[in-house]
Structure formats: structure tokens, C-alpha cells
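# Per-entry structural report
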Amino acid sequence: MNYLEDSLNFPNESIVLNSKIEHLQTKEMVTMLPNFNYFKDIFEKKWEAAMNKLTPISLVVFDIDYLPLYKETYGLELGDLTVKEIVIKVKSLLKGPDDLLAKFADGTFFILLPETNINAALKTAEIIRQSIENMKIPHCQSITSNYVTVSVGVGTKTPFIWEDSNKFIKAVEQAMYIAKKNGRNQVIWNNVYLEESID
């Protein structure tokens, strides 16, 4: 390849490289799941679509119980491997074409379920909870179970124009925290954000 051909091809290679970089910037590197910024963009689009079509939209938030203790006991490498195994399991349980699993923080994940009513969302959340416990990943430091478990919050809305999507997200987060407060390894439903904090 001569210099002219090389210079003509370089812009295309640069476009491909930039595209790959942009793609990686939407991913969380341990699980390779979409990060929260990417999730939020998709969520807002699906929220608007639900508002326009008057269809329900559901959200699931789950957190791996006692994950810091797990990593302290079994090591960071096994901790990351366990998180990856849980992610693979959860992804296998999502059936909707637009269902989206994303990572929010260490051990905390969001699942977007567009056009999903309350009954279907609760069923999905409970299947996820049971399936993770049934993986029987030992966790000797958990006071909830002998195995790794998750606490799950779930909420459903048919949004109207005056409703705040951020408050809906916070409401479902609060449901997850209530599940933790009530003993972990359970599913709690909520779609109304309470201004007072959940300790």
C-alpha cells in the first residue's frame, strides 16, 4: 500500500476506532453491561413512549446482599466472577425484546421492562430472586442465607406528562432499600417516591 492509499484509508480506520471507544464508554468493564448513563438515556425514551401510548413501564432494581463481606471473605477475583455469573443468569431470564439490564453501582443493577404490567414485573422480579438463590453460591458471612441472595425493588407506571421519571426511579430504589431493611432476599413493590430517606 502506497502513502496515498494509506492516507485515504486512515479516516475510515479512525471512524471505526472512535466508534469502538464510544461503545466501550457506555459499558461497565467488569460485567460489560451498559452503564447507568446509557441506561438513563434509554429509560427516558421508553418513558416518553409509554406516556404517548398510555402503556405501562416497569423497573426492577436489585442489589446483591452482603457483597462487600463476600469479597472480603472470598477475595475480589472470586467476587467479580460471582457478579458476572449472576449477570449471566439474570440476562437469561429476560424475555422482552427491549428488556435492558444495566449496572448502577457495585452489586446494584437496574432492569428496564417496557410495556410490562405490574403482575408481569412482580413475576419477573421474583423469578430473578429465586433463581439467584437457587444458584447456591456459598456465602458464609450472610446472615440471611447460606447462599448469595439479592434484595429487589420493583415498580410500574403508566406515566402522565406531569410525572417525574426520576422520582419513579427513586421510588423503586427505595423499594429495594426497604427489602434490605426488612431482612433482605425479598421483593418489594413501590412506585411512589417518599421524600423522607429510608435508613
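Anyway, here's the lowdown on the structure attached to this text. Since we're looking at a predicted model, the values are computed, not measured. (Residues numbered from 1 in each chain as written. Predicted model: local features only at pLDDT ≥ 70, side-chain atom pairs only at ≥ 80, totals over all residues. Heavy atoms only, no water.)

### Some remarks on the sheet that holds strand 3 (residues 108–114)
If you trace the five strands from one edge of the open sheet to the other, you get 2-3-1-4-5, paired in mixed fashion. The two strands at the open ends of the sheet, each matched to only one other strand, are strand 2 (100–105) and strand 5 (187–189). Direction aside, the axes of adjacent strands within the sheet are offset by 20° on average. Bridge analysis of strand 1 (residues 57–64) against strand 4 (residues 150–157) gives eight bridges, and the strand direction is antiparallel. Opposite isoleucine 57, over in strand 4, you have lysine 157 as the bridge partner. (Pairing = 2+ DSSP bridges. Helix = DSSP H or I, 4+ residues; strand = E, 2+ residues; numbered from the N terminus. Axes fitted to C-alpha atoms, helices over the stretch in contact; angles between N-to-C directions.)

### Here's the deal with helix 3 (residues 67–74)
Those residues of helix 3 not exposed but buried are Leu67, Tyr70 and Lys71. Taken around the axis of helix 3, the buried residues stretch over an arc of 95°, which confines them to a single face. What points out from helix 3, more than 90 degrees from its buried face, is the exposed set Pro68 and Glu72. At its buried positions, helix 3 is contacted by strand 1 and helix 4 (76–93). Once helix 3 finishes, glycine 75 follows within two positions and takes phi at roughly 100°, a positive value. (Buried < 20%, exposed > 50% of the residue type's maximum accessible area, 1.4 Å probe, protein only. Arc of directions from axis to C-beta. Contact = heavy atoms within 4.5 Å.)

### Topic: the packing of helix 2 (residues 36–53) against helix 6 (residues 165–181)
At their nearest, the axes of helix 2 and helix 6 sit 11 Å apart, and the two run at 115° to each other. Classified by the angle their axes make, helix 2 and helix 6 are roughly perpendicular. As helix 2 runs across helix 6, the sense of the crossing is right-handed. Contacts between helix 2 and helix 6 involve Lys40, Phe43, Glu44 and Trp47 from the former and Ser165, Asn166, Phe168 and Ile169 from the latter. Looking at the contact of helix 2 with helix 6, its residues break down into four nonpolar, two polar and two charged. (Parallel < 35°, antiparallel > 145°, perpendicular 65-115°, else oblique. Left-handed = near helix turned anticlockwise from the far one by under 90°. Nonpolar A, V, L, I, M, F, W, Y, C, P; charged D, E, K, R; others polar.)

### What about unusual backbone geometry?
For lysine 136, which is not glycine, the phi torsion reads 55° and is therefore positive. Here lysine 136 shows up in the loop between helix 5 (118–133) and strand 4. Located in the positive-phi region is arginine 184, a residue other than glycine, with phi close to 70°. Relative to the elements of secondary structure, arginine 184 occurs in the loop between helix 6 and strand 5. According to the relative accessible area criterion, arginine 184 is partly exposed, its value standing at 24%.

### Description of the pairing of strand 3
Most of strand 3 sits inside the fold, with seven of its seven residues counted as buried. The pairing of strand 1 with strand 3 spans seven bridges and is classified as antiparallel. Directly across from valine 61, in strand 3, lies its bridge partner phenylalanine 110. Sheet topology note: the strand 2/strand 3 ladder contains five bridges and is antiparallel. Residue pairing across strands places lysine 103 opposite phenylalanine 109, the latter belonging to strand 3. What sits between strand 2 and strand 3 in their antiparallel hairpin is a turn of two residues, with glycine 107 showing a positive phi close to 90°.

Read these as geometric descriptors, not functional statements.
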